[in-house]
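Coordinate inspection notes
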Amino acid sequence: MMVTFLRQNVIYNKQRDCMKKNSFYLICGCIALALLVIFWYSVEVHIRFLAEISFIVAIGGIYLLRKKVTDFVEDERTARITEKAALRTFQVFWVIFCAFSIGAVMQILYVPTFPREHLEIHAPELLGPRMMGYFQLALLCLMIFLYVGFRIYYARKYGEWETDEE
Amino acid sequence: MKNKIKVFRAMHDMTQEDLARAIGVTRQTILAIEKGKYVPSLDLAFRISRHFQVNIEEVFVYDETVLTVTAD
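Criteria and cut-off values
- Residues numbered from 1 in each chain as written.
- Chains lettered and ligands numbered in written order.
- Predicted model: local features only at pLDDT ≥ 70, side-chain atom pairs only at ≥ 80, totals over all residues.
- Heavy atoms only, no water.
- Buried < 20%, exposed > 50% of the residue type's maximum accessible area, 1.4 Å probe, protein only.
- Helix = DSSP H or I, 4+ residues; strand = E, 2+ residues; numbered from the N terminus.
- Contact = heavy atoms within 4.5 Å.
- Buried area = accessible area lost by both parts, 1.4 Å probe.
- Salt bridge = Lys/Arg side-chain N within 4 Å of Asp/Glu carboxyl O.
- Phe/Tyr/Trp six-rings, centres within 6.5 Å; stacked < 30°, edge-to-face > 60°.
- Lys NZ or Arg CZ within 6 Å of the ring centre and 35° of its normal.
- 1 Å grid on protein atoms, 1.4 Å probe; cavity = no way out; pocket = protein on both sides within 12 Å on 5 of 7 lines; lining within 4 Å.
- Points joined across faces, edges and corners; volume = space filled by probe spheres on them.
- Nonpolar A, V, L, I, M, F, W, Y, C, P; charged D, E, K, R; others polar.
- Domains from an automatic or database assignment.

**Describing helix α3 (residues 27-34) of chain B**
Among the eight residues that make up α3(B), seven are buried, leaving the element largely enclosed by the rest of the structure. Buried within α3(B) we find Gln28(B), Thr29(B), Ile30(B), Leu31(B), Ala32(B), Ile33(B) and Glu34(B). Its buried side turned inward, α3(B) meets α4 (76-109) of chain A together with β1 (2-3), α1 (5-11), α2 (16-23), α4 (42-51) and β2 (60-61) of chain B. One or two steps after α3(B), the chain reaches Gly36(B), where phi turns positive at roughly 75 degrees.

Set out below in structure tokens:
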């Protein structure tokens, strides 16, 4: 009697730890909605840490949930598509980021302009926090677009949407 | 890299889905390998050939013309 109970309990716990792909997507949607509400609230009350911490918690939660999904089949081809898209995104991103950073460093160090006879000493023009925010937003959007673009490109290259005569 | 997966599948009366499930990959991966869009890793190539109980050289054939074109 006790053994049967324990066995049933173990089976129940195993089933509880598993999750289907659709349930995972549903929960992800709910988390995204909750994040949207939290972001809106954090803007309203001017507490930016609330948005930042909630974002980290949400990503951590999604990562933990992802490990419980049983019907995700991720093989070496899909891993390669992800890997190549991420690498190419990073390669483009660091060039753009470095180009901007070089400009910013030149401003900070105050590199004089040419010709030298019109040299005027003035304070370097740095980006304000608002402009910096816009710049980071633009970089974030760029990264997302680049990643999606490269992912589509490599998915097509490695036969993701190929049709079969079978 | 050329391969005879389609031939071996036909010999064993298997669909792409059956083979994919048997070796733990997606059907799209089998399709991509068959069409030459994706070259499998050594591990996956061995798993496929082991599944058909043949040597790896019988399923996968190294295409030397690719090397010649590259060298030119």
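**Remarks on the interface of chain B and chain A**
Counting residues at the interface gives 19 residues for chain B, matched by 16 residues for chain A. Of the roughly 1,400 Å² buried between chain B and chain A on both sides combined, carbon and sulfur atoms contribute 43%. Among the residues of chain B in contact with chain A, Gln28(B), Lys37(B) and Tyr38(B) are the three that bury the most area, contributing 39% of the side total. At the junction of chain B and chain A, the tally comes to zero salt bridges.

**Regarding the packing of aromatic side chains**
Enumeration over the complete set of coordinates arrives at seven aromatic pairs over all chains. Both rings, one in Tyr153(A) and one in Tyr154(A), keep their centres 4.9 Å apart while their planes meet at 75 degrees; by these two values the pair is edge-to-face. For Tyr153(A), a relative accessible area of 48% corresponds to the partly exposed category. Exposure remark for Tyr154(A): the relative accessible area of 4% places this residue in the buried category. An aromatic cluster of three or more residues is present, and its members are Tyr153(A), Tyr154(A), Tyr158(A) and Tyr38(B). The lysine or arginine in question, Arg48(A), covers the ring of Phe49(A), its NZ or CZ lying 4.8 Å from the ring centre.

**Remarks on the pattern of salt bridges**
With the rule as written, the count across this model stands at six salt bridges over all chains. The residue Arg48(A) makes a salt bridge to Glu52(A) at a minimum N-O spacing of 3.4 Å. Remark: Glu52(A) and Arg48(A) occur in helix α3 (residues 48-68); sequence separation between them is four residues, near one turn of the helix. For Glu17(B), the salt bridge identified is with Arg21(B), shortest N-O distance 3.7 Å. Pair noted here: Glu17(B) and Arg21(B) are both in helix α2, with a separation of four residues, about one helical turn.

**Some remarks on the layout of surface pockets**
All names here are of chain A. Each pocket or cavity is described by its volume, and for the largest pocket that value is around 450 Å³. Surrounding the largest pocket, 13 residues form its lining, Ser-42, Val-43, Arg-48, Ala-51 and Gly-133 being those nearest its centre. Elements with a contribution of two residues or more to the lining of the largest pocket: α2 (21-45), α3 and α5 (129-157). Classifying every residue of the lining of the largest pocket gives seven nonpolar, three polar and three charged. No fewer than three residues from each of domain 1 (17-72) and domain 2 (73-161) sit in the lining of the largest pocket.

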